[in-house]
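Below, each chain spelled out in residue letters.
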Amino acid sequence: MGEGPAPRREEVLSGLSRFTDKENLGRLARITDAGLLGWLLEVAELVQPSLIYVNTGSPEDLDYVRRKAIEGKEELPTKYRLKTVHFDGVYDLGRDLKNTRILVPAGVSYPLINTLEREKGLMEIKELMKGVMKGRTMFVSFYCFGPRGSPLTSYGVQVTDSAYVVHSENILYRPCYDAFTSDRPPRNYMRFLHATGERNELGWSKNYEMKRIYIDPEDNITYSVNTQYAGNTVGLKKLALRLCVNQGAKEGHLCEHMFIAGIRGPGGRVTYVTGAFPAGTGKTSTAMVADLLVSDDLAIVYASKGVARAINPEVGSFGIIDGVNPEDDKEIYDILLDPETEVIFSNILLTDDGEPWWRGRPEPPRPGMNYAGRWPPEGTGADNEQPSHPNARFTTYLRYFKNLDPKIDDPDGVPVEAMIFGGRDSDTNVPVEEAFNWVHGNVTKAASLESERTAAVIGKVGEKVLNPYAILDFLPFSPGRFLQLHIEFGRRLTKETKVYSVNYFLRDAQGRFLNDKSDKRVWLKWIDLRVHGDVDAAEAPTGYIPLYEDLVRLFDSVLGKEYREEAYREQFKIRVTKQLERLERVVSVYREIYDTPREFFDVMDWQKRKLEEAKARYGDYIDPFTLNK
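Keep in mind that what you see is a predicted model, and the values were worked out from it rather than measured. (Residues numbered from 1 in each chain as written. Predicted model: local features only at pLDDT ≥ 70, side-chain atom pairs only at ≥ 80, totals over all residues. Heavy atoms only, no water.)

**Q** Would you mind going over helix H5 (residues 118-129) with me for this structure?
**A** Because each turn of an α-helix spans 3.6 residues, side chains separated by three or four positions in sequence point in the same direction. Given a rise of 1.5 Å per residue, 12 residues ought to cover 16 Å, and the 16 Å separating the end C-alpha atoms of H5 matches this to within 8%. Those residues of H5 that sit buried are Arg-118, Gly-121, Leu-122, Ile-125 and Met-129. Looking straight down H5, one finds that the buried residues subtend no more than 95° of arc, so they occupy a single side. Structural note: H5 exposes Lys-120, Met-123 and Glu-127 on the side pointing more than 90 degrees away from its buried face. On the buried face of H5, the contacting elements are helix H3 (34-47), strand E4 (100-104), strand E5 (115-117), strand E9 (189-195), strand E10 (212-216) and strand E11 (221-225). Immediately downstream of H5, the backbone of Gly-131 shows phi near 65°, a positive value. (Helix = DSSP H or I, 4+ residues; strand = E, 2+ residues; numbered from the N terminus. Expected span 1.5 Å × (residues − 1). Buried < 20%, exposed > 50% of the residue type's maximum accessible area, 1.4 Å probe, protein only. Arc of directions from axis to C-beta. Contact = heavy atoms within 4.5 Å.)

**Q** I'm lost on the pattern of salt bridges in this one. Help?
**A** Pairs can form between side chains of opposite charge whenever their charged atoms are close. Per the counting criterion, the structure on display carries 57 salt bridges. Here Glu-124 and Arg-212 are joined by a salt bridge, their closest N and O atoms 2.9 Å apart. Of this pair, Glu-124 sits in helix H5 while Arg-212 sits in strand E10, placing them 88 residues apart in sequence. Classification of Glu-124 by relative accessible area gives partly exposed; the value is 24%. Residue class for Arg-212 comes out buried when judged on its relative accessible area of 13%. Across the salt bridge formed by Arg-598 and Asp-602, the nearest N and O atoms sit 3.4 Å from each other. Here the residue Arg-598 and the residue Asp-602 both occupy positions in helix H18 (residues 598-618), the gap between them amounting to four residues, near one helical turn. For Arg-598, a relative accessible area of 51% gives the class exposed. Here the residues in one salt-bridge network are Arg-118, Glu-119, Asp-216, Glu-218 and Asp-219, joined through shared partners. (Salt bridge = Lys/Arg side-chain N within 4 Å of Asp/Glu carboxyl O.)

**Q** Would you take a moment to explain the state of the cysteines for this structure?
**A** In a disulfide, the sulfur atoms of two cysteines are covalently bonded to one another. Under the defined criterion, the tally for this structure stands at two disulfides. Here Cys-144 pairs with Cys-176 through a disulfide, and the sulfurs are 1.6 Å apart. Negative torsions about the S-S bond denote left-handed disulfides, and the value of about -85° found for Cys-144 with Cys-176 makes this one left-handed. Placement of Cys-144 in strand E6 (residues 137-145) and of Cys-176 in the loop between strand E8 (174-175) and helix H7 (177-180) is noted, with a sequence separation of 32 residues between them. You can call Cys-144 buried: its relative accessible area is 1%. Covalently, Cys-244 is tied to Cys-255 through a disulfide, its sulfur atoms 1.5 Å apart. One end of the pair, Cys-244, is in helix H9 (residues 235-251); the other, Cys-255, is in strand E12 (residues 254-256), with 11 residues separating them in the sequence. (Disulfide = S-S within 2.5 Å.)

**Q** How do you make sense of empty space enclosed by the protein when you look at a structure like this?
**A** In this approach the atoms are scanned with a rolling probe the size of a water molecule, which exposes any empty space left behind. Within this structure, the stated rule accounts for four cavities of 30 Å³ or more. By volume, the largest cavity is sized at about 220 Å³. Taken together, 24 residues line the largest cavity, and the ones lying closest to its centre are Asn-429, Thr-444, Lys-445, Ser-448 and Arg-582. Elements with a minimum of two residues in the lining of the largest cavity: strand E26 (418-422), helix H12 (438-446), strand E30 (498-502), helix H17 (576-590) and H18. The dominant element in the lining of the largest cavity, judged by the number of residues it contributes, is H17, at four residues. (1 Å grid on protein atoms, 1.4 Å probe; cavity = no way out; pocket = protein on both sides within 12 Å on 5 of 7 lines; lining within 4 Å. Points joined across faces, edges and corners; volume = space filled by probe spheres on them.)

**Q** Help me understand the packing of aromatic side chains in this model?
**A** For any pair of aromatic rings, the description rests on two quantities: the centre-to-centre distance and the angle between the ring planes. Considering all chains together, one arrives at 34 aromatic pairs under this definition. A centroid spacing of 5.1 Å and a plane angle of 90° characterise the contact between Tyr-469 and Phe-482, whose relative ring orientation is edge-to-face. With Tyr-469 in the loop between strand E29 (464-466) and helix H13 (479-491) and Phe-482 in helix H13, this residue pair connects regions lying 13 residues apart in the sequence. The residues Tyr-469 and Phe-482 share a single accessibility class, namely buried. Here Tyr-563 and Tyr-568 contribute two aromatic rings whose centre-to-centre distance is 6.5 Å and whose plane-to-plane angle is 80°, an arrangement assigned as edge-to-face. (Phe/Tyr/Trp six-rings, centres within 6.5 Å; stacked < 30°, edge-to-face > 60°.)

**Q** Would you mind going over the packing of helix H14 (residues 520-531) against helix H15 (residues 548-559) with me for this structure?
**A** Geometry of a packed helix pair, given as the angle between the helix axes and the separation of the axes. Taken N-terminus to C-terminus, the directions of H14 and H15 make an angle of 120°; their axes are 10 Å apart at the nearest point. By the angle between their directions, the pair H14 and H15 is classed as oblique. For the crossing formed where H14 meets H15, the hand is right-handed. Two secondary-structure elements touch here, H14 through Arg-521, Val-522, Trp-523, Lys-525, Trp-526 and Leu-529 and H15 through Leu-551, Leu-554, Phe-555, Val-558 and Leu-559. (Axes fitted to C-alpha atoms, helices over the stretch in contact; angles between N-to-C directions. Parallel < 35°, antiparallel > 145°, perpendicular 65-115°, else oblique. Left-handed = near helix turned anticlockwise from the far one by under 90°.)

**Q** Would you mind showing me how to read the side chain of Asn-370 here?
**A** One can find Asn-370 in strand E22 (residues 368-370). In terms of polar contacts, Asn-370 uses its side chain to reach the backbone carbonyl oxygen of Gln-386, at 3.2 Å. (Polar contact = N/O pair within 3.5 Å; in protein donor to acceptor, adjacent residues only side chain to side chain.)

**Q** Any chance you could explain the environment of Asp-427 here in plain terms?
**A** Position of Asp-427 among the secondary structure elements: in the loop between E26 and strand E27 (432-434). Along the backbone, Asp-427 and Lys-517 are 90 residues apart, and their C-alpha atoms lie at a distance of 17 Å. Every residue in contact with Asp-427, bar those within four places of it in the chain, is listed here: Lys-464, Leu-506, Arg-575 and Lys-578. There is a polar contact of 2.8 Å between the side chain of Asp-427 and the side chain of Thr-428.

**Q** Whenever I open this one, the sheet that holds strand E19 (residues 343-346) confuses me. Can you help?
**A** Sheets are built from strands paired through backbone hydrogen bonds, the pairs being either parallel or antiparallel. Ordered by their spatial adjacency, five strands build an open sheet running E2-E3-E19-E24-E18, and the pairing between neighbours is mixed. Pairing within the sheet leaves two strands with one partner each, and these edge strands are strand E2 (76-77) and strand E18 (316-320). Relative to E19, strand E3 (residues 83-86) runs parallel, the two sharing four bridges. Bridge pairing links Thr-84 to Ile-344 in E19. (Pairing = 2+ DSSP bridges.)

What follows is the structure, given as structure tokens:
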């Protein structure tokens, strides 16, 4: 693609006319970037669609896309007017790490990152895309990746034969066709090319063994084929994150796999925090229980006059629905079943009477259709034992949430006073802890983040893996370089952003969780108090932990619960040996990463000495009541 001299605008439009009708050709003609039009012609000549449909984001276009998703059986109607169900098929139920690769120059590779020689990847994807859209509509859509008017906002052009992908993006992002028809169109924009490939009788991508998801940072473009799962196909979601990280590295800002939320403190103040959690470890639920919601998944963070600030590139949520119930997640639950809200459910159970069902609904499941076919299954049902998949999802608008902060549309974003890192950890980290400083937090809590694997990623569920910044799957380069970017970013801050770890999954010797789901509200309130110096803390070898008396007051005021000494002792005891084991695991990985900054090893050596001294004094466990303020 892109070889030879650029054709004239008239020639390009004439070429595009072979693939579309008069109305859509007129929409294409209003695009002022000749280079973009030329690329669209190249794509059309490669994939050979029967029609190019240009989605301008108008109400009529949004409605057309909804209808096409149902007509093409990519989505099935429910008994609710604006709710549909999408199924990906049993071999396409999560992000496919094995077949997701960063395209790099020959001879280049990055530790922990799947890469492929760029020319080989482009040759392969071009072959897989030949004629792939024959008899289908090629949708072309335009979106803002951030608030209008923000200096951090970028733009994206999605090309796909999937109405489901377009429907998802119409919910998740701000349509921005007008930006591409203006006299000053975006100079730097991302491009996303996706094709579902051959589909079986159920409408699911058939050739899953030829699933490919390739990211080309050099041309700011991604390719995906023979897949429908949104994490592999919705361009501006996790595919754009890799491109955004790469762009941020060039321009000095950070693209993060983080929520943005506001915590109300004494006197009505609001403390804004960001949070990075691997999929299925409490990220969405934390964002939703905060007092103010700005973002539930992504953040672009930049330094403005010495202060970290963040914007949300999205306006919708693609969240895990498994376990969402009316007791612990009342607002989300109500939104999902409100007759007037628009929702795309994916990989849940659609009962025969049109009811969406997932694990978390109090009613028992009834017969219907799910991600593997009929449920209950006939015969053994080896691939279809669960009525709703653990990585089942919902896609809906953030504007439905009562706690949505109007600052989601502020071009300047919100100030970031704390960053929170959490993972699925049954035996090591305490429920909440503050790092000693920015570099210590980035090394020991962000770059060292471990989590047990969940169903959101294809692989062995329950395996504990290193996932730096909860973004390893979305890095276009080495995690060592990503850590270096954060260390350098901290040097530009005159007001240091505090760093915290949280852990909602600590278990006792019998395997029972030590905390309730609602306890995260208390940890957020404590973080607000610490950011402003309103409470003291106990100094542990790994950071600062809450004092018992402060948690007693918070559990009472926030949750109306009694907090007992034995709960504090068990939850906040420092598991010294486990911390040392984790440190050794993490350091052993970074020793193999050639560009790990020297600061990482300096901090980890210091942290190891602190833990060894503590072990010599206290043994394997430290009672939190024995720690000094």
